[in-house]
Amino acid sequence: MPDRSCSKLLRALLPLLAATGCDGCPSSKPYTPYTLGSAAPSGSPPPLSGVGPGAPDAGPEADAGAPDAAAPPRFAALPSVPAPEGGKRWPLDGGAVVAAPTGRTFEVGLLLDLDGDGARDLVAWTRAPDGLRGELLFAPAARPQALRTLAALPGDLAAQGCSPRVVLSQIGPSTLAFDFAPQCADQQRAAGAGATRWIAVIRLPGPAAGAGAPPELALELRLRTPPPDEALSAALEVADRDADGRDDLVVSVGLSGALRPFPAPAGAASELRAPLVFLDRPAGLSRDAAQPGETLRALAASLLRDARGKSTAPAVAASAQRLRRFHAALCADAAGGGGAIAGRDAARAGEALVWTGAGPVRCAEPGLAAAIDHAEAVAASTRGAPIAAVAALDGGGAEPRTKEEGKLLAKLAPPATASAVYRTAAAPQAARPGAFGPLAFEASGALLVRTAQGVVRVDPAASTESATDIPPWPAAVHAGPAELVAVERRCDAPTLLALFRSSPDAVGEMEVPLPLLRGQGPRARRGAASPERCAGTERLPFAPLAASEGGFDIALGAALVSIDLRAAAPASSALSFPLTTPAPRGAARSPDGATLAVPAAGGLLVATAGGAARLWSGGDLAQATACAPANGGARVACVVGAAAVIFEAK
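Residues numbered from 1 in each chain as written. Predicted model: local features only at pLDDT ≥ 70, side-chain atom pairs only at ≥ 80, totals over all residues. Heavy atoms only, no water.

**What to know about the overall build of the protein chain**
Here is the rule: A run of H or I in DSSP becomes a helix once it reaches four residues, and a run of E becomes a strand once it reaches two; helices and strands are each numbered from the N terminus. The buried label applies to any residue whose accessible area, calculated with a 1.4 Å probe on protein chains only, is under 20% of its type's maximum; exposed applies above 50%, and partly exposed to all values in between.
The number of helices and strands found in the protein chain is seven helices and 39 strands. Looking at the protein chain as a whole, 53% of its 650 residues are labelled buried.

This is the structure we're talking about:
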């Protein structure tokens, strides 16, 4: 079935992307975009085009009839040519020759008359023997040995084990683009090594620059290799957006595919795009702060519209995750989007995949994450999934970020004040976070407490506690021989990761990506002063819900996740409530499995299948851990200090 939600997202984006060409602006020049994908095109550069700068570009529309004489001519991108004579020498018009610098060879170049003297000058890429170092050089025809470096490949972009492919083209009357793309056999290894595409935009001198003025570097772009199953692209378009007679630049960035374990979108929903706009000013290119924020806000607004429709709401959760990922990949100031490392390597520490010469892209959209969360929560509410809605609004234990969020949360999970009705004398056995807890209700309403000496049965109605011969249940979370160890948030991983050992004697731990992005889950620190700064590796609290031979069910706040270990490559997926798996003792579920109690949204979320979800707070719940509900959810027992406390709520 087509993803209608994502189709609407793309339809909302089209007018904004069309505006980047400024078709309705005075003196606009709609030049053909020059596209750069995350995987370099195969084959050799095309031959030198016979269509010169400013000539009409024969496209598909040429067969439909005569071109509109009033329309400005399109600029046909002028590709470079391979270097002649083995790359050691490049002949110019009139018999002059440009010699390659010592230790370098020419690879590709363009011959253009840049100073108006009738002789073509040379702009060429020279490389070292390893191909991983080089410079873009300019040689004027009048002084062919007066080589000038326009741009040098940054030394930290040499990706070992990858071979580069370079493309040099004239993409506008006064603009060149040089594209250095590492070609790596293994995308996963390339992404881990930080293999990065480097694009240099060169401005050619205009008449006002005076005779002999050289070209100059106007902009650098870096496109980091995304994780496997994702693809990053950039389309460059030159147009006079502000009608000042100077060529402005639009870089339309696209992200397609999906991280593991998210499902890959299909059809028109396979790519999200947003523009970076650079206006040509006397001092150089200046980025327009309005973009990509306007496009991202339009995408979030489209999500909210879909969230309110019965037919479109089911697709919103997947679309919201794609938009969160796109935001984090594009913007270093997105929650979880950048890293703690400053300067040129800032993007490498986190998810941000795009960098300009001025540093990582900052989109200045602090409310975008909340808008996406709100849309996902509304969609979950529309389809009758209050637990999923609360998970979307959960700020990692923080209060709702907006009044609208607070109202929606109160509607989905009305607040309830908890009070203690019984405190045990028996001391629950200590357990590490993420283990099966020491408390479990019985169907009768009695509470079992696992202590260091054995299992004690507590009858709160009679205020009695007595030892039993019930074997203590294990604390470790096992699925056959495998043990769930931890859930981590890492700076170098775009999703949360579950760690498990394949057997008790296994050396090391295995990882399973979870269907939650790095900025999601408990202690996401949303609203912090510097959300883009990552704190290294953080182990997150989670509540085990079930374990069987096939895998694990866990809760990270109100987000429910299933981890399947049956396949050769373990996988994970979002889990719907109510669960169908049996509830083991010590899980955050009732004996019949129909009620769960998990920390979420600053309180304890208690939800029963077929009943209302409520958000408990008050009493000692702020200090409570390892909570377990009774059948029906009227009571919840938690560890508070050295005792077990039974709570009821009003």
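**Details of the packing of aromatic side chains**
To be explicit about the condition: For Phe, Tyr and Trp, where Trp contributes only its six-membered ring, two rings pair if their centres lie within 6.5 Å, and the inter-plane angle classes them as stacked under 30 degrees, edge-to-face over 60, or tilted in between. Should the NZ of a Lys or the CZ of an Arg lie within 6 Å of a ring centre and within 35 degrees of the ring normal, that charge is described as sitting over the ring.
Overall, the coordinates contain four aromatic pairs when judged by the stated rule. Ring centres of W90 and F106 lie 5.8 Å apart, and the angle between their planes is 85°; on these two criteria the pair is classed as edge-to-face. With W90 in strand β4 (residues 89–91) and F106 in strand β6 (residues 105–112), this pair connects stretches of sequence that are 16 residues apart. Aromatic rings pair up to connect W125, F178, F180 and W198 into one cluster. Sitting over the ring of W355, R222 keeps its end group 4.4 Å from the ring centre.

**A word on the packing of helix α6 (residues 386–393) against helix α7 (residues 403–412)**
The line we're drawing: All axes are obtained by fitting lines to C-alpha atoms, using only the stretch in contact for helices, and the reported angles, taken between N-to-C directions, cover 0 to 180 degrees. For classification purposes, an angle smaller than 35 degrees is called roughly parallel, one larger than 145 roughly antiparallel, one from 65 to 115 roughly perpendicular, and anything else oblique. Helix crossings are classified by the rotation of the near helix relative to the far one: an anticlockwise turn of less than a right angle makes the crossing left-handed, while a clockwise turn makes it right-handed. Should any heavy atoms of two residues lie within 4.5 Å, those residues are considered in contact.
α7 packs onto α6 with a crossing angle of 155° between their chain directions and a minimal axis gap of 10 Å. Classified by the interaxial angle, the pair formed by α6 and α7 is roughly antiparallel. Regarding α6 and α7, the two cross each other, and that crossing is left-handed. Contacts between α6 and α7 pair P386, A389, V390 and L393 from the former with E405, L408, L409 and L412 from the latter.

**Side note on the sheet that holds strand β12 (residues 196–203)**
Applied cut-off: In this scheme, strands are said to pair when DSSP sees at least two bridges between them.
One open sheet accounts for seven strands, arranged β2-β10-β11-β12-β13-β18-β19; its pairing is antiparallel. One side of each edge strand has no neighbouring strand; the edge strands of this open sheet are β2 (78–79) and β19 (359–360). As paired strands, strand β18 (residues 354–356) and β19 are joined by two bridges and run antiparallel to one another. The residue of β19 that forms the bridge with W355 is P360.

**Structural notes on the nonpolar core**
Nonpolar side chains in soluble globular proteins tend to be buried together. As a reminder of what qualifies: Joining through side-chain atoms within 4.5 Å is the link that ties buried Ala, Val, Leu, Ile, Met, Phe, Trp, Tyr and Cys residues into a set, and such a set is a nonpolar core.
Core analysis: the largest hydrophobic core is formed by 70 residues, its most contacted members being L236, L249, V251, V390 and L605. Among the elements that line this core, the one with the most residues is helix α5 (residues 368–382), at seven residues.

**As for unusual backbone geometry**
Geometrically, the link from R260 to P261 is a cis peptide bond, its omega value of 15° lying close to zero. Locating P261 in the fold gives a position in the loop between β15 (248–257) and β16 (271–281). Cis geometry marks the peptide bond from F577 to P578, where omega comes out at 10°. Locating P578 in the fold gives a position in the loop between β33 (571–574) and β34 (595–600). For A243, which is not glycine, the phi dihedral falls at a positive 55°. Positionally, A243 belongs in the loop between β14 (230–239) and β15. By relative accessible area, which is 35% here, A243 ends up partly exposed. A positive phi angle, close to 55°, is found at A364, a residue other than glycine. Looking at the element boundaries, A364 is found in the loop between β19 and α5. Taking relative accessible area as the criterion, A364 reaches 57% and is therefore assigned exposed.

**Examining the pattern of salt bridges**
So the rule is basically this: Any carboxyl oxygen of Asp or Glu within 4 Å of a side-chain nitrogen of Lys or Arg constitutes a salt bridge here.
In total, this model carries 28 salt bridges according to the counting rule given. Between R501 and E483 there is a salt bridge; the shortest N-O distance is 3.9 Å. Pair noted here: R501 is in strand β27 (residues 495–501) and E483 is in strand β26 (residues 482–490), with a separation of 18 residues, a long-range link. Residue classification places E483 among the buried positions, given a relative accessible area of 16%. The shortest N-O distance in the salt bridge between R539 and E509 comes to 3.8 Å. Of this pair, R539 sits in strand β29 (residues 537–539) while E509 is found in the loop between β27 and β28 (510–517), placing the two residues 30 residues apart along the sequence.

**Observations concerning the sheet that holds strand β38 (residues 635–640)**
The pairing of strands in a sheet comes from backbone hydrogen bonds and takes either a parallel or an antiparallel form. Spatially, seven strands are ordered β34-β35-β36-β20-β39-β38-β37 in an open sheet, and the strand pairing comes out mixed. The outermost strands of the open sheet, each flanked by one partner alone, are β34 and β37 (625–629). The mean angle between the axes of side-by-side strands here comes to 35°, regardless of whether they run parallel or antiparallel. In the sheet, strand β20 (residues 415–423) pairs with strand β39 (residues 643–649) via five bridges, with the strands oriented antiparallel. Pairing of A418 across the sheet is with A649, part of β39.

**Quick look at the pairing of strand β17 (residues 284–287)**
By the bridge criterion, four bridges tie β16 to β17 in an arrangement that is antiparallel. Looking across to β17, one finds that F278 is bridged to R287. Counting the residues in the hairpin turn of β16 and β17 gives two residues.

**Remarks on the pairing of strand β7 (residues 121–127)**
Most of β7 sits inside the fold, with six of its seven residues counted as buried. Both β6 and β7 contribute to a ladder of seven bridges, which runs antiparallel. Within the sheet, the bridge partner assigned to F106 lies in β7 and is T126. Where β7 meets strand β8 (residues 134–139), six bridges bridge the pair, whose relative direction is antiparallel. Paired with V123 across the two strands is F138, which belongs to β8.

**Thoughts on the state of the cysteines**
By definition, a disulfide links the sulfur atoms of two cysteines through a covalent bond. Cut-off, in case you're wondering: Working definition: a disulfide is two cysteine sulfur atoms within 2.5 Å of each other.
A complete count under the given rule lists two disulfides for this structure. What pairs with C331 in a disulfide is C363, and their sulfur atoms sit 1.9 Å apart. Linking C331 and C363, the disulfide has an S-S dihedral of approximately -80° and is accordingly described as left-handed. One end of the pair, C331, is in the loop between α4 (316–330) and β18; the other, C363, is in the loop between β19 and α5, with 32 residues separating them in the sequence. With relative accessibility at 3%, the residue C363 sits in the buried group. A disulfide bridge connects C627 with C638, and the sulfur atoms are separated by 2.0 Å. Taking the torsion about the S-S bond as the criterion, the C627 to C638 disulfide, at about 110°, is right-handed.

**Let's talk about the confidence of the model for the protein chain**
The test is simple: As a per-residue quantity, pLDDT reports the predictor's confidence and falls between 0 and 100.
Model confidence for the protein chain is summarised by a mean pLDDT of 83, while 80% of its residues fall at 70 or above. Note that pLDDT drops below 50 for residues 337–349; the model gives that stretch 45 contacts with residues more than four away or on any other chain.

**A look at the environment of L147**
Along the chain, L147 turns up in the loop between β8 and β9 (148–152). Since its relative accessible area comes to 30%, L147 is described here as partly exposed. For the pair formed by L147 and A99, sequence separation is 48 residues and the distance between their alpha carbons is 9.3 Å. Sequence-distant contacts of L147, that is, excluding residues within four places in its chain, are made with V98, A99, P101, L137, F138 and A139.

**Thoughts on helix α3 (residues 293–307)**
Quick note on the threshold: By this rule, a helix spans an expected 1.5 Å times one less than how many residues it contains.
When the terminal C-alpha atoms of α3 are compared, their 21 Å separation across 15 residues agrees well with the 21 Å that a helix rising 1.5 Å per residue should span. For α3, every residue scored as buried is listed here: G293, T295, L296, A298, L299, A300, S302, L303, D306 and A307.

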